[in-house]
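Okay, here's what each chain looks like letter by letter:
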Amino acid sequence: KDISDLSNPPTCPRGKVLCSIRSRVLRGCDYIFDSRSRITTDARPMKVDYKIVESVVANCGGDREWYREYMVGNYPRVAGDHAMIRSHVAREAGILDIGAVPPLLAALLANDGYRNIHVVDPHARSFEAFFRREKIGYTSVDVLADLPDELRGRFGLVCLNEVIEHLGGNLL
């Protein structure tokens, strides 16, 4: 389903589990965005901004080469997500990016002037130097098990890019 028109956000397209996450974790959020639910027919080649990719992996505490290859391979999809957010979400809006490692979307948003970004991922500490340099908030936690109370209800946009496949259980 194409959700590029954020004035009419989708209802829980992935079933009961996502609805449960929304009611428990995302209360007060205006939009939920899962990039796998967006279909695009735009087949134009996308130029990778290697400067941004390198700024993310420069002081990474994990496997830099793997993260670099992952970000380059997923750059067109994430850049498309960034373009959609940029066209619909004000720069001062609060953005929670769940499952954001490696934090390419956060890097693109920060580079574009967004300053109220918070990343939640079990492996967020691997990018601590990047988050501090870019003044991006981060929490290393499994969001389904434990989301700190101070993050609840603060964000106008919650991104769930490549998260749904990590949820346990039968989603149907």
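Criteria and thresholds
Residues numbered from 1 in each chain as written. Predicted model: local features only at pLDDT ≥ 70, side-chain atom pairs only at ≥ 80, totals over all residues. Heavy atoms only, no water. Core = buried A, V, L, I, M, F, W, Y, C linked by side-chain atoms within 4.5 Å. Buried < 20%, exposed > 50% of the residue type's maximum accessible area, 1.4 Å probe, protein only. Helix = DSSP H or I, 4+ residues; strand = E, 2+ residues; numbered from the N terminus. Contact = heavy atoms within 4.5 Å. Phe/Tyr/Trp six-rings, centres within 6.5 Å; stacked < 30°, edge-to-face > 60°.

**Student:** I keep staring at the nonpolar core and nothing clicks. Help me out?
**Tutor:** Soluble, globular proteins show a tendency: their nonpolar side chains are buried together. Counting 34 residues, the largest nonpolar core has Ile85, Ile95, Leu104, Phe127 and Ile136 as its most contacted members. Counting residues per element, the ones that place at least two in this core are α2 (50-57), α3 (64-88), α4 (104-111), β3 (117-120), α5 (128-134) and β5 (157-160). Examining the composition of this core, we find that 7 residues originate from one element, α4, more than from any other. When sequence neighbours within four positions are dropped, the list of residues in contact with Ile85 reads Ile95, Leu105, Leu109, Tyr114, Leu157 and Cys159. Val120, Val141, Val143 and Leu151 belong to the second-largest nonpolar core, a separate cluster that totals 11 residues.

**Student:** It is not clear to me how the packing of aromatic side chains should be interpreted in this structure. Could you clarify?
**Tutor:** What describes a pair of aromatic rings is the distance from one ring centre to the other and the angle between the planes of the rings. Scanning the entire structure with this criterion turns up 5 aromatic pairs. The interplanar angle of 80 degrees and the centroid separation of 5.4 Å between the aromatic rings of Trp66 and Tyr67 together place this pair among those described as edge-to-face. Overall, the relative accessible area of 46% leaves Trp66 in the partly exposed class. With centroids separated by 5.2 Å and ring planes inclined at 15 degrees, the aromatic side chains of Trp66 and Tyr70 adopt a geometry described as stacked. With Trp66 and Tyr70 both in helix α3, this residue pair falls 4 residues apart, about one helical turn.

**Student:** Is there a simple way to think about unusual backbone geometry in this case?
**Tutor:** Among all residues save glycine, negative phi is the norm, and among peptide bonds the norm is trans. A cis amide bond links Val101 to the next residue, Pro102, at an omega of 0 degrees. For Pro102, the location among the structural elements is in the loop between β2 (95-98) and α4. For Lys135, which is not glycine, the phi torsion reads 60 degrees and is therefore positive. Position of Lys135 relative to the elements: it lies in the loop between α5 and β4 (137-139).

**Student:** What's the story with α4 in this structure? I'm lost.
**Tutor:** Since the α-helix turns once every 3.6 residues, residues separated by three or four places project in the same direction. Judged by how many residues are buried, α4 sits mostly within the fold: 7 of 8 residues are covered. Where α4 is concerned, the buried positions are Leu104, Leu105, Ala106, Ala107, Leu108, Leu109 and Ala110. On the buried face of α4, the contacting elements are α2, α3, β2, β3, α5 and β5. Taken from the residues just after α4, Gly113 is the one with a positive phi, measuring 100 degrees.

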